[in-house]
Amino acid sequence: MENTLLIELRTEELPPKALAKLGEVFAAGVHAGLADRHLVQTGSHYEWFATPRRLAVQIPHVLAQAPNALLQEKLMPVSVAFDAEGKPTPALLKKLESKGIPVSEVPKFEKRIDGKSEVVFYSNMVTGAILQNSLDIIVEDALKKLPIPKVMRWGDSDVQFVRPVHGLIMLHGGNVVPGEVLGLKSGNSTLGHRFLSAGAITLNNADDYTNVLEQGKVIASFAKRRDIIAKALQAKADELGAQVKLHNTLLDEVTALVEWPAIYVSEFEAEYLEVPQECLILTMQANQKYFPLFNADGKLQNRFLIVSNMAVADPKHIIEGNARVVRPRLSDARFFYNQDRKHGFASRAFKLGNVVYHNKLGSQGDRAQRMSTLSTWIAAQLGADPIIAGRAGLLCKVDLLTDMVGEFPELQGIMGRYYAQHEGAHPDLTEAMDHHYRPRFAGDLLPEGLISCAVALADKLDSLTGFFGIGQIPTGDKDPFGLRRAALGILRILMEKPLPLDLGELIAEATKTFPGGMLSSAGVETQLLDFMLDRLRGLLKDSGYAQDVIESVLAQRPTRIDLVPARLAAVQSFLTLPEAPALAAANKRIGNILKKVEGGTFAEPDAALLQEDAEKALYARIQEIAPIVQTHVGQQDYAGALKALASVRAEVDHFFDKVMVNVDDSAVRANRLGLLKALFDQLNAVADISKLSV
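This is a predicted model, so every value here is computed, not measured.

Participant: I'd love a proper account of the overall build of the chain, names of residues and values included.
Facilitator: Secondary structure assignment for the chain yields 25 helices and 20 strands. At 35 Å, the chain has a C-alpha radius of gyration far larger than the 26 Å of a compact globule built from 694 residues. Considered along the principal axes of its C-alpha atoms, the chain spans approximately 100 × 100 × 50 Å. The proportion of buried residues among the 694 residues of the chain is 49%. The long-range share in the chain, meaning contacts at least 24 apart out of those at least 6 apart in sequence, stands at 69%. Carbon together with sulfur atoms contributes 51% to the accessible area of the chain, which is approximately 32900 Å² in total. Once the 75 positive and 83 negative side-chain charges of the chain are each reduced to a mean point, those two points are 3 Å apart.

Participant: With reference to specific residues and values, describe the pattern of salt bridges.
Facilitator: This model, assessed by the stated rule, comprises 37 salt bridges. In this structure, E8 and R54 form a salt bridge, with 3.1 Å as the shortest nitrogen-oxygen distance. Note that E8 is positioned in strand β1 (residues 2-11) and R54 in strand β3 (residues 54-63), a separation of 46 residues in sequence. For E8, a relative accessible area of 1% corresponds to the buried category. Classification of R54 as buried rests on a relative accessible area of 0%. Salt-bridge contacts for R438 lead to E448; the nearest nitrogen and oxygen are separated by 3.9 Å. With a gap of 10 residues between them, R438 in the loop between α14 (427-435) and α15 (450-469) and E448 in the loop between α14 and α15 connect regions that are remote in the sequence. Relative accessible area serves as the criterion here: at 13%, R438 is assigned to the buried category. A relative accessible area of 49% places E448 in the partly exposed class. What emerges from the salt-bridge pattern is a single network uniting R367, R370, K397, D459 and D462.

Participant: Would you mind going over the packing of aromatic side chains in detail, with residue names and values included?
Facilitator: For any two aromatic rings, the description comes down to two numbers: the centre-to-centre distance and the angle of the planes. Counting across every chain of the model gives 12 aromatic pairs. Ring centres of F345 and Y419 lie 6.2 Å apart, and the angle between their planes is 40°; this geometry places the pair in the tilted category. Remark: Y419 occurs in helix α13 (residues 414-422) and F345 occurs in the loop between α9 (316-342) and β19 (356-358); sequence separation between them is 74 residues. When sorted by exposure, F345 lands in the same class as Y419, which is buried. Put simply, the rings of F268, Y290 and F304 touch in pairs and so form one group of aromatic residues. The cationic tip of K111 hangs over the ring face of F82; the distance from NZ or CZ to the ring centre is 4.6 Å.

Participant: Pulling in residues and values, what's your account of helix α24 (residues 649-658)?
Facilitator: Residues of α24 that are buried include every one of E651, V652, F655 and F656, and no others. The buried residues of α24 occupy one face: seen down the axis, they fall within an arc of 130°. For α24, the exposed residues lying more than 90 degrees away from the buried face are A650, D657 and K658. Next to the buried residues of α24 lie α21 (580-595), α22 (613-634) and α25 (666-683).

Participant: Can you break down the sheet that holds strand β2 (residues 47-51) residue by residue, with the values?
Facilitator: What the 5 strands build is an open sheet, ordered β2-β3-β1-β9-β10; its pairing is antiparallel. Because the sheet does not close on itself, it has two edges, and the strands there are β2 and β10 (175-176). Across the sheet, helix α4 (residues 131-144) touches β1, β3 and β9 (165-172), and the angle it forms with β1 is around 40°.

Participant: How would you summarise the packing of helix α1 (residues 19-36) against α4 if you had to cite specific residues and measurements?
Facilitator: Where α1 contacts α4, the two axes come as close as 9 Å, and the packing angle between them is 145°. Regarding α1 and α4, the two cross each other, and that crossing is right-handed. Of the residues in α4, those touching α1 at F26, G29, V30, G33 and L34 are L131, L135, I138, V139, A142 and L143. Taken together, the residues of the contact of α1 with α4 sort by class into 9 nonpolar, 2 polar and no charged.

Participant: Describe the side chain of S266, and please don't skip the residues or the numbers.
Facilitator: Tracing the backbone through its elements, the reader meets S266 in strand β16 (residues 262-267). Within the structure, the side chain of S266 is placed 3.1 Å from the backbone oxygen of I319, a separation counted as a polar contact. Beyond its immediate chain neighbours, meaning those up to four positions away, S266 contacts N302, R303, F304, I306, I319 and A323.

Participant: I'd like a rundown of the environment of T576, residues and numbers included.
Facilitator: One can find T576 in the loop between α20 (564-574) and α21. Judged by relative accessible area, which is 62%, T576 ranks as exposed. A polar contact is formed between the side chain of T576 and the backbone oxygen of S573, at a distance of 2.5 Å.

Participant: Just give me the short version of the layout of surface pockets, but keep the residues and values in it.
Facilitator: If you add up the space inside the largest pocket, you get close to 680 Å³. Every residue lining the largest pocket is counted, 17 residues in all, and those nearest its centre are H247, E278, I281, L282 and Q285. Put simply, the parts of the chain that give the lining of the largest pocket at least two residues each are α7 (248-255) and α8 (277-288). Looking at the lining of the largest pocket, its residues break down into 7 nonpolar, 4 polar and 6 charged. Empty space within the second largest pocket amounts to approximately 510 Å³.

Participant: How would you explain the nonpolar core if you had to name every residue and give the values?
Facilitator: Within the largest apolar cluster, 134 residues are counted, with the highest numbers of intra-cluster contacts made by I378, M404, L464 and L536. For this core, the element with the highest residue contribution is α15, accounting for 11 residues. One finds A35, L131, V165 and L184 within the second-largest nonpolar core, a separate group that totals 40 residues.

Participant: An account of the pairing of β3 is needed here, citing residue identities and associated values.
Facilitator: Extensive coverage of β3 is indicated by the burial of 7 of its 10 residues. In terms of strand pairing, β1 meets β3 through 8 bridges, oriented antiparallel. In the sheet register, I7 faces β3, and the bridge partner there is V57. Sheet analysis places β2 next to β3, joined by 5 bridges and oriented antiparallel. Across the sheet, residue E47 finds its bridge partner in β3, namely Q58. Hairpin connection, β2 to β3: the antiparallel pair is bridged by 2 residues.

Rules used in this analysis
- Residues numbered from 1 in each chain as written.
- Predicted model: local features only at pLDDT ≥ 70, side-chain atom pairs only at ≥ 80, totals over all residues.
- Heavy atoms only, no water.
- Helix = DSSP H or I, 4+ residues; strand = E, 2+ residues; numbered from the N terminus.
- Rg over C-alpha atoms; globule rule 2.2 N^0.38 Å.
- Buried < 20%, exposed > 50% of the residue type's maximum accessible area, 1.4 Å probe, protein only.
- Contact = heavy atoms within 4.5 Å.
- Areas by Shrake-Rupley, 256 points an atom, 1.4 Å probe, with all protein chains shown as cover.
- Lys, Arg positive; Asp, Glu negative; His and termini not counted.
- Charge placed at Lys NZ, Arg CZ, Asp CG, Glu CD.
- Salt bridge = Lys/Arg side-chain N within 4 Å of Asp/Glu carboxyl O.
- Phe/Tyr/Trp six-rings, centres within 6.5 Å; stacked < 30°, edge-to-face > 60°.
- Lys NZ or Arg CZ within 6 Å of the ring centre and 35° of its normal.
- Arc of directions from axis to C-beta.
- Pairing = 2+ DSSP bridges.
- Axes fitted to C-alpha atoms, helices over the stretch in contact; angles between N-to-C directions.
- Left-handed = near helix turned anticlockwise from the far one by under 90°.
- Nonpolar A, V, L, I, M, F, W, Y, C, P; charged D, E, K, R; others polar.
- Polar contact = N/O pair within 3.5 Å; in protein donor to acceptor, adjacent residues only side chain to side chain.
- 1 Å grid on protein atoms, 1.4 Å probe; cavity = no way out; pocket = protein on both sides within 12 Å on 5 of 7 lines; lining within 4 Å.
- Points joined across faces, edges and corners; volume = space filled by probe spheres on them.
- Core = buried A, V, L, I, M, F, W, Y, C linked by side-chain atoms within 4.5 Å.

Quick look at the structure:
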């Protein structure tokens, strides 16, 4: 008989940042355990639940007992299993003993061809798993697989879990499935909201779970609770004529903190608005889990929204209590802000020398000097003011020494901008101090002005060249210094802004800023360029480009990253031409021929040594299209270059039909190889089109 199965583990308050993951993994583990025992269909629907005090899963169509199954097992080849008289060999008897198969079953063995030999198979009807005998084991196994970094023990028990446990439901339809998990015996009783519900709640049927819990003021579904909170926050903001930003991380966290959400409005004194709003927003969100309110122009209001776990008729005490709690945090922020401004900003730069950046890469002061030098050089290449860029590179890490950033590390860069503005710094410099961390993550904004771009590139290049230079290269999923993120940031800035800078030159200039002997690893520049191009490969793939198109462009190891999109577009356009497949195949063939030439050197083709009409025609076409292709490439018209190359297909086909390259005459052979090399250079002027050949 099949019925809905409900499992609920009731606990003390679970870690809010991990709650959703715990709920998903627990439910998936229970379902997988049932499916492995054929008690539920693999891939069937189930629903997971997670509140601050419970993890649960509801799975429909679970069998009380799995159907019996015919188990077929391959034992060994017939030639090994039986002797010449057809009697079981010692090898077969030993096999049967190890598997607990009685000798009396031998006459029932099936012999059939498996691959190239005849093999003995044993078939046995296996009794299906019984839910009552398996469920507590399944639940225990699912709990062991939860992503819990640290477990705890409570009372006199040896039981361990992320939080103390208090109740266990294992209900199949209307029947309790007996069993014990984490020292708890299963039942059909739970509790509702800690304050809004009174006494135990009895579940008569597994299908009633969500409805019965809601009567006890608990919304069991994490997704439903989150949706209710998001809509209620937006509705309350609209009612107040304000705007609210529903950040996913904060929304997930407050969803994990409440079982019966209610939204209230509170406020703080307007005088705190003199502090940069980023400071106030961060302290409200990170420390108090509030949702700040904004005007239509994005300016912070002195009001905020609270997601409470108490829906009450008169929320006065909740509102006043939260206002009272947030006030000291805002007061601290104002104190840090005022103290930092009193002590000066630019003058702190000298103290960077006292802060270790890395024991092999010097102090933050050393790093600031390197960034200043590199920012100056990059700005000059871009036609921006190198003096402002150099000063921005020198000062952009100074806010790490301020009290505000010490308290709120997330504000680094942002506070530098405010403090520099307070001292009257140039707007381009203050912008660069804020933007030089961009992009901080995938999809983040890029730095805006050229000086900001120069300093952002210098920051990331210094990290990459420094850590690569001391052998700290990311391996597997380990990247403690965020070098993959830094590489992607550089690539996005160069490609999306776009900036006419050569990546190879950028790496070389960054390497020069380190004192002699500091970068001990050999081949740093080549190694780093390889790393960057590999990151570019992934970035382009995520952007939707076909793999063969990407490989055709990256095979040329491009260092002008700003031109890569145009090359990709040109290759995509080339692929639509009817000549493309034949030319791609020909290019691949030519490449294979040229690889076999000893020394890899080729003479310029000599018209006087051309003998066959086909090679003369190809030579003439190459002479004709070479300047056209080079002009298009020089003008960055890569599509035009590939279109011009497509016109050579007939001569290429004719050449390979009529001309033997490896003839006995060494002069003629060398000349023909030189002709193919000249053609190869033209065909690969934009991309390695051989990568497009199937």
